[in-house]
Amino acid sequence: MSDRTYAIIGGSSGIGLALATALVERGDRVVIGGRSAERLAGAVRQLGDGARGRPIDTTDRGSAAGFFAGAEGLSGLFISAASYRTGAFRDGDPETSEALFVAKFWSQYWTVFAALPHLREDAGIVLMSGAASARPIGAPAYAACNAAVEGLARGLAIELAPIRVNCLSPGTTDSELWRGRPKEQRETAYDHWRRLCVVQRPAHVEEQAHAALFLLDNGNMTGSTLFCDGGYTFS
């Protein structure tokens, strides 16, 4: 499995960076993508010689095509980058309903499309949804969007075979995203999550990265959604 090249969208922080780290540590190469040139440069320095960084805006098809230009023989693709807001159905706010699908569903759809000519026949693709697909607690557009990403993985697994396509569905994860929010908001969310899931704690980014790595590597996994959510979806 060593000495392969993987594209990690959202690889400058969080789960994407943890996955890129695991790949580089075992001898693979990574091309990481993100919007912030500064964060990309910092992540590449952290990862070392096995990493390159390229800017990408996953909501822009031209940007996605540019990211993959010149990249050949990719063994895998992981997509975690998305920026969006959620809200209540009764609010009637397009930014928390329609724009959410642009940011999380269509961005993954068109990123895979841009990557396809650059993937090996035995490549693995891992999309990212979220545990709200199976157990929503509000924000119905968000639940529906996550479910749509999981359906996309199943459909792509059929059409793109022998390329394998799976989906990682994480629960609340202690990442830079949450650490960058006000402490009171973060601790309230974490306490709520502890009451809802079986393991009674948020996940670590390394645990989510390990799950993504399993989906990238296992040649018998395709069309599946892996819920790395501490038992949230069945508790």
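For the structure itself, look to the data block above.
Just so you know, these numbers come straight off a predicted model, no measurement behind them.

(A) Layout of the overall build of the protein chain. The helix and strand inventory of the protein chain stands at eight helices and nine strands. On C-alpha atoms alone, the protein chain measures out to a radius of gyration of 17 Å, which is about the 18 Å that the 2.2 N^0.38 rule sets for 235 residues. In the protein chain, buried positions account for 47% of the 235 residues. A sequence separation of at least 24 residues applies to 67% of the contacts in the protein chain between residues at least 6 apart.

(B) Representation of the pairing of strand 2 (residues 29-34) within the structure. Where burial is concerned, most of strand 2 is hidden: five out of the six residues are buried. Of the pairings in the sheet, the one linking strand 1 (residues 5-9) to strand 2 comprises five bridges and is parallel in character. Bridging from a neighbouring strand, Thr5 pairs with Arg29 of strand 2. Traced from strand 1 through helix 1 (residues 14-25) to strand 2, the parallel crossover comes out right-handed. Pairing of strand 2 with strand 3 (residues 51-55), which is carried by five bridges, proceeds in the parallel orientation. Directly across from Val30, in strand 3, lies its bridge partner Ala51. What joins strand 2 to strand 3 is helix 2 (residues 37-47), and the crossover it makes is right-handed.

(C) Fine view of the nonpolar core. Core analysis: the largest hydrophobic core is formed by 31 residues, its most contacted members being Phe68, Leu77, Val112, Leu119, Ile125, Leu127 and Val165. The set of elements that each furnish at least two residues to this core consists of strand 1, helix 3 (61-68), strand 4 (74-79), helix 4 (98-115), strand 5 (119-128), helix 5 (140-160) and strand 6 (164-170). If one sorts the elements of this core by residue count, helix 5 sits on top with eight residues. In this structure, Val112 is in contact with Leu77, Ile79, Ile125, Leu127, Leu156 and Leu160, ignoring residues within four places of it in sequence. Ile8, Ile15, Phe78 and Leu213 belong to the second-largest nonpolar core, a separate cluster that totals 26 residues.

What counts as what
- Residues numbered from 1 in each chain as written.
- Predicted model: local features only at pLDDT ≥ 70, side-chain atom pairs only at ≥ 80, totals over all residues.
- Heavy atoms only, no water.
- Helix = DSSP H or I, 4+ residues; strand = E, 2+ residues; numbered from the N terminus.
- Rg over C-alpha atoms; globule rule 2.2 N^0.38 Å.
- Buried < 20%, exposed > 50% of the residue type's maximum accessible area, 1.4 Å probe, protein only.
- Contact = heavy atoms within 4.5 Å.
- Pairing = 2+ DSSP bridges.
- Right-handed = clockwise from strand over helix to strand, strands pointing away.
- Core = buried A, V, L, I, M, F, W, Y, C linked by side-chain atoms within 4.5 Å.

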